Every structure is written in C-alpha cells, then in structure tokens.
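# Architecture and fold: a report
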Amino acid sequence: MIVAEQKPIQAILATLQGADSVLLAGCRGCVTVCGAGGEKEVRVLASLLKSARNEQGRPIRVDTAVVERQCEPEFVDELPYSRDDHDAVLSMACGAGVQLVAERLQDAIVLPALDTTFIGVSEGKGTWVERCKACGDCKLHLTAGICPVTRCSKGLLNGPCGGSSNGACEVDPSIPCAWQLIVDRLERLGMLDRYEEIIMPADWSEYGKPSSMDRGDIK
Amino acid sequence: MEINQGTEVRKKGALQGILEQGRFAVTAEAGPPRGARPEVMAHKASILKGFVDACNVTDNQTSVVRMCSLAASSILLDHGIEPVMQMVCRDRNRIAAQSDALGAYSLGINNLLCLSGDHQSFGDHPMAKGVFDIDSIQLLAMIDRMQTEGRFSGGDEVQGRPALFLGAAANPFADPFRIRVPRLAKKAAAGARFIQTQCVFDVPRFEEWMQGVRERGLHEKLFILAGITPIKSLKMARYMASKVPGMSVPQELLDRLKGVEKKKRKTEGIKIAVETIQKMMEIPGVSGVHIMAIEWEEAVPKIVEGAGLVPRPSGRA
C-alpha cells in the first residue's frame, strides 16, 4: 500500500494562513491503514487546527468528511465542498488523492496535509517499510523476490557493491544490504547459481514520464 | 585512414601491452583537483612518470566534486602518463556513459575502469540525486558491446568503434564473501579484461579469494592487479579499520604501526606497502599492483623502487 505521514502541524498551519474555513477531507484507503489520514486522524487534526488557530486569535472553521477513496472520481465527488463555505480543502490523502480532489474541484484551493512517502508493507504495528518503487519493469523473478531497485541504496541490479558489510548497507548500517538478502535467499532456495546471470539494464521508459494505463478488458 | 571493423587502427596502450606480455604491471592513482587547475594533474604526472605503467584518474571519488576524469585523463596523457579513466554510474546515465567512452577513446585514452560509484550521501552533495541508471556490470557489458558488436545499448550502429581496455574493481573483503568470486566471474563475462582490487592489508583473506579465483580459472581471463595503499598514520589505519565498510585491516598491522615512533610511521607505511607488493608477486594469478596513495603521490616512486619494480618496461611490442 501507499504509506504517508502527516506533515508537521506548523507546516499545515502555514499553508492555511489565508483561510478562515476549511474542508478537511480524509480517505478510507491506504492512509487509513497506515494511520495517517483516516477518520480518527481527521478528527484529531481538526481539533488541533481549531485550538491552534484559537490560540492565534484567528479561529478557523473546520468541516470534515471522509470518503472511501480519494483516488476515484465517484468518491471524490461526494465531498461536501462549497466555494461559499470553504476557503480551501485540506486533503489527508496520498499525493494522488490530493491531485484528484484538485482536478475534480476546479475552483478550490486544495492543500496536502500529508507527505506521501513510499509503497510499502507493514512490519508489525506502527512500522512500515518501503518495498516497491513502481519502476514499471518488475525483476523480482530474478532476485529471489527481493527488490534491489527499492532496497539497494544504489538500485544495483547486479550487486552487491563493495560496501556491503556484515549484512548492512554502507550508506546506513540500519539498512539491510539488499544483495546480502538476495544471496541468502537464493542460497536457501538452492538457486545460488542464478546469481551469475547478468541482469540487463532496466527499461525505464515507463518511469521517466507521467504514466497511464488503459485497459479495454475492464471497461 | 586504415579502417578495421569501423575502428581506426591504433596501438594498444602500455598497460595492456605489459599485461599481455606477462610482465608484472604497476598502476597508481591520481585524484583530479577541486578546481580548474590543470597544473595539479601535470604536477602529479611529473611525480609518477617512469614509475607506473598507467595511472587511474578517479571520477569524483567519494562523491566529492572534482575536475572530470575525462579532462584530467587527457591532461595526464599530454604529460606522458597513460591514464586509466575511471567512470562511475552515479553521475551519468547510459547515454552519457556511452558518449564519454567515445570521447575518451577519441582523445587517446586507452583504458576505462567501470565502477558503480560511491553513494552520493558520502560526499559534499548529499542532497543530489544519484543516477544509477545502470550498474558497473551493465556498464562493462554496454561498452564491450559497443566495441565487439559495434552496437549502442539502444541497438543503433556505432560508427567508429572504440577499443578501450576495460577494467573493473573487485573487493575481496566485502560481504557476502561467498559471492565475491562469482561476482568477479560476472565482471569477466561482462567484458572486463583487468581488475583492480580494494586495498589489500589482510593478505590471508586476499589469498583465500585468489584461490577461489584460480579454481574458476578467472586469472586466465582477467589480469588482476592487487590494491596497495601506503598507510600515512595510525589515525588513518584506525579509520580504515573501523569506519570504512568492506575494508579489512588486521590488528597486527595496527599494532606494528603503534610500535613505531610517530614521526617514523610514514616510512613504516611505505615499508608495509613494499612488503605487501612482494607478497602479491608470489601469489599465482596476480598480474600486478595498483597503488592507491591517497593524496600522497610522492610515496609511489619510493614504493615502486622499494619493491624493485623500476625501471618500467615500455609495453610496446
């Protein structure tokens, strides 16, 4: 899923400086699961914003709404935004959600409340780790199910580099060396000979420009 | 102009010549200056001339901005030193890498060392975006294909093939150790002809790696130059022992330096380097040494002389 985290409250307040009323919009998708922009976070942020602005002597009206997914037009269109009532929409979705809200609400100022960080998995309660760069050219069948594009600091497809030490990456010892993990797993699977196949350069042609997908079969 | 498979016929470089003649090769390293000062490269050339067969020109090593390795290599060439131009994947994509390879060969550079490159977080621009479009093995394979098949990575024809002597690095001391020989095999398969290794302080571990290299017959496919770094001070030795990942500095070496008076440690460092070279010359399959005297080029002539490796052969048939 997409993992995001809330921006510091001061940063959010700074973007709301000119606004006296805001529609705070949550999302029940990925950001609910990673505890960044679901129902609960919307409630908490609304009250934080109101009390901070009260302290500043410039109260703000915060209306709230949580939709199923901010990445789908039919749900975004359910947002109770009104230009007369709201100076801005503060979206608690990922960057894709924020942009769809802006696209659907052409006359609204749409602001992000979150920083979208990565596509990842949960590693126990409250911990998420990055696992996919959405490179568009998956090579996991060649690397024992461990992605070097994401997990090697240099994205080496034929690693490891000379900086792999005691299972750790030279860039940051808290990062496991992806190629140590790949080699260990290949060995466990009895496939270490696969290591010597040269993996050809990635095809970045779908990565370096805005991508889209048009699937006739599900239209 | 005589044309051979799209390549202008040109004599091989001295390094390739010496290695192919089976003579023990000596290379060193010269870091380009952190400014537009060609005289720095000229000065380094004057120190090294007559003591090395070729000299590596590092490519923004440790991710610190310096004069580009292409220009600095060309300056060395003008001053009578054969360069080994280093090229890293951190700062250039496959388009720039192929372009620079063509440019290098056209300027008379014969040797290209293909590296992934240090991560940008170690240098003076940690905020920069690393390119890493391809890795060192893919870089080797790409340049090799330009030379042998006459095709660019994208498939178009190379109109005038370069004939660079391709090299790569190997670190026998990094983890996981069990793939360090297979990794070398990958580099050989990708087109590397010579290898320069990480600094050897831990001779037994290097010998263990070399044994694996010989078992696979890789010493017959690749010329292996063992990395030699003279230690300047106890501080430097301690730093390399504890702070540099993928570097093995045995405790005996630290103790040996500690047992020497502070002002005599530089001399001791040179002595250790000479002894290490003598050990390397005894190991079957080692074709030469690569002396990395980091910002201490003055040490190189002393080491080469100490090891009895002067005068250098011409390398020309």
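One structure accompanies this document, and this report is about it. Computed from a prediction, not measured in an experiment: that's the story for all the values here. (Residues numbered from 1 in each chain as written. Chains lettered and ligands numbered in written order. Predicted model: local features only at pLDDT ≥ 70, side-chain atom pairs only at ≥ 80, totals over all residues. Heavy atoms only, no water.)

### What to know about the overall build of chain B
Across its full length, chain B carries 11 helices and 10 strands. For 317 residues, the compact-globule estimate of 2.2 N^0.38 gives 20 Å, and chain B sits close to it at 19 Å. By principal-axis analysis of the C-alpha atoms, chain B measures approximately 60 × 45 × 40 Å. Counting the 317 residues in chain B, one finds 59% classified as buried. At a minimum sequence separation of 6, the contacts of chain B that also span at least 24 residues come to 78%. If you sum the accessible surface of chain B, you get close to 13,300 Å²; carbon and sulfur atoms cover 51% of it. (Helix = DSSP H or I, 4+ residues; strand = E, 2+ residues; numbered from the N terminus. Rg over C-alpha atoms; globule rule 2.2 N^0.38 Å. Buried < 20%, exposed > 50% of the residue type's maximum accessible area, 1.4 Å probe, protein only. Contact = heavy atoms within 4.5 Å. Areas by Shrake-Rupley, 256 points an atom, 1.4 Å probe, with all protein chains shown as cover.)

### Thoughts on the side chain of Asp202 of chain B
Residues and elements named next belong to chain B. Structurally, the position occupied by Asp202 is in the loop between β8 (194–199) and α7 (203–215). Here Asp202 occupies a buried position and makes no salt bridge, while the nearest side chain of opposite charge, Arg205, is found at 5.5 Å. A polar contact is formed between the side chain of Asp202 and the side chain of Ser248, at a distance of 2.8 Å. With near-sequence residues (within four places) excluded, Asp202 lies in contact with Phe173, Ser248 and Pro250. (Lys, Arg positive; Asp, Glu negative; His and termini not counted. Salt bridge = Lys/Arg side-chain N within 4 Å of Asp/Glu carboxyl O. Polar contact = N/O pair within 3.5 Å; in protein donor to acceptor, adjacent residues only side chain to side chain.)

### With respect to empty space enclosed by the protein
Residues and elements named next belong to chain A. One pass over the structure, following the stated rule, counts four cavities of 30 Å³ or more. What lines the largest cavity is a set of 18 residues, among which Cys152, Ser153, Cys161, Cys169 and Cys177 lie closest to the centre. For the lining of the largest cavity, a count of residues per class yields 12 nonpolar, three polar and three charged. (1 Å grid on protein atoms, 1.4 Å probe; cavity = no way out; pocket = protein on both sides within 12 Å on 5 of 7 lines; lining within 4 Å. Points joined across faces, edges and corners; volume = space filled by probe spheres on them. Nonpolar A, V, L, I, M, F, W, Y, C, P; charged D, E, K, R; others polar.)

### Let's talk about the side chain of Thr229 of chain B
Residues and elements named next belong to chain B. Position of Thr229 relative to the elements: it lies in the loop between β9 (223–228) and α8 (234–242). Reaching out from Thr229, the side chain makes a polar contact with the backbone oxygen of Met292 at a distance of 3.0 Å. Setting aside residues up to four positions removed in sequence, Thr229 forms contacts with Cys199, Phe201, Met236, Met292 and Ile294.

### Concerning the packing of helix α5 (residues 136–148) of chain B against helix α6 (residues 180–190) of chain B
Residues and elements named next belong to chain B. In contact at an axis separation of 8 Å, α5 and α6 are set at 20° when each is read in the N-to-C sense. Relative to α6, the element α5 lies roughly parallel. With respect to the hand of their crossing, α5 and α6 are arranged in right-handed fashion. Residue-level contacts link Ser136, Ile137, Leu140, Ala141 and Asp144 of α5 to Arg183, Lys186, Lys187 and Ala190 of α6. When its residues are assigned to classes, the contact of α5 with α6 shows four nonpolar, one polar and four charged. (Axes fitted to C-alpha atoms, helices over the stretch in contact; angles between N-to-C directions. Parallel < 35°, antiparallel > 145°, perpendicular 65-115°, else oblique. Left-handed = near helix turned anticlockwise from the far one by under 90°.)

### Examining the packing of aromatic side chains
How two aromatic rings sit relative to each other is set out by the distance from centre to centre and by the angle between their planes. All chains considered together, the criterion is met by four aromatic pairs over all chains. Ring centres of Trp179 of chain A and Tyr195 of chain A lie 6.1 Å apart, and the angle between their planes is 75°; this geometry places the pair in the edge-to-face category. Remark: Tyr195 of chain A occurs in the segment after α7 (178–188) and Trp179 of chain A occurs in helix α7; sequence separation between them is 16 residues. When its relative accessible area of 3% is taken as the criterion, Tyr195 of chain A is described as buried. Measuring from centroid to centroid gives 4.9 Å for Phe165 of chain B and Phe194 of chain B, while their planes differ by 25°, and the two rings are stacked. With Phe165 of chain B in strand β7 (residues 165–170) and Phe194 of chain B in strand β8, this residue pair connects regions lying 29 residues apart in the sequence. (Phe/Tyr/Trp six-rings, centres within 6.5 Å; stacked < 30°, edge-to-face > 60°.)

### Comments concerning helix α5 (residues 95–104) of chain A
Residues and elements named next belong to chain A. Every buried residue belonging to α5 is among Gly97, Val98, Leu100 and Val101, and all of these are buried. The arc enclosing the buried residues of α5, seen along the axis, measures out at 165°, which places them on a common side. Projecting away from the buried face of α5 at angles above 90 degrees are the exposed residues Gln99 and Glu103. Residues of α5 that are buried in the fold lie against α4 (73–76), β4 (88–91) and β5 (110–112). (Arc of directions from axis to C-beta.)

### Brief notes about helix α11 (residues 299–306) of chain B
All names here are of chain B. Taken together, the buried positions of α11 are occupied by Ala299, Val300, Pro301, Ile303 and Val304. Along its buried surface, α11 packs onto β3 (25–30), α2 (38–48), α10 (265–282) and β10 (286–291). Of the residues flanking the end of α11, it is Gly308, one or two places downstream, whose phi is positive at about 70°.

### Some points on the pattern of salt bridges
Tallied over the entire structure, the rule returns 35 salt bridges over all chains. With a closest N to O distance of 3.0 Å, Asp20 of chain A and Arg58 of chain A form a salt bridge. Of this pair, Asp20 of chain A sits in the loop between α1 (9–15) and β2 (21–27) while Arg58 of chain A sits in the loop between α3 (39–55) and β3 (61–67); the two residues are 38 residues apart in sequence, bridging distant segments of the chain. Judged by its relative accessible area of 35%, Arg58 of chain A falls in the partly exposed class. A salt bridge links Glu297 of chain B to Lys44 of chain B; its shortest N-O distance comes to 3.1 Å. Taken together, the positions of Glu297 of chain B in the loop between β10 and α11 and Lys44 of chain B in helix α2 put the pair 253 residues apart, joining distant regions of the chain. When sorted by exposure, Glu297 of chain B lands in the same class as Lys44 of chain B, which is buried. If you follow the salt bridges from partner to partner, you end up with Asp20, Arg53 and Arg58 of chain A in one network.

### What to know about the sheet that holds strand β6 (residues 111–115) of chain B
Residues and elements named next belong to chain B. One closed barrel accounts for eight strands, arranged β3-β4-β5-β6-β7-β8-β9-β10; its pairing is parallel. Between one strand axis and the next, the sheet turns through 30° on average, direction left out of account. Relative to the sheet, α7 contacts β7, β8, β9 and β10, its axis offset from that of β9 by approximately 170°. (Pairing = 2+ DSSP bridges.)

### What about the nonpolar core?
The biggest cluster of nonpolar side chains holds 95 residues, and the ones touching the most others in it are Phe206 and Met280 of chain B. Top contributing element to this core by residue count: α5 of chain B, with six residues. Setting aside its immediate chain neighbours within four residues, Met280 of chain B contacts Val200, Val203, Phe206, Ala226, Ile228, Val286 and Val289 of chain B. One finds Ile60, Val62, Met92 and Leu111 of chain A within the second-largest nonpolar core, a separate group that totals 27 residues. (Core = buried A, V, L, I, M, F, W, Y, C linked by side-chain atoms within 4.5 Å.)

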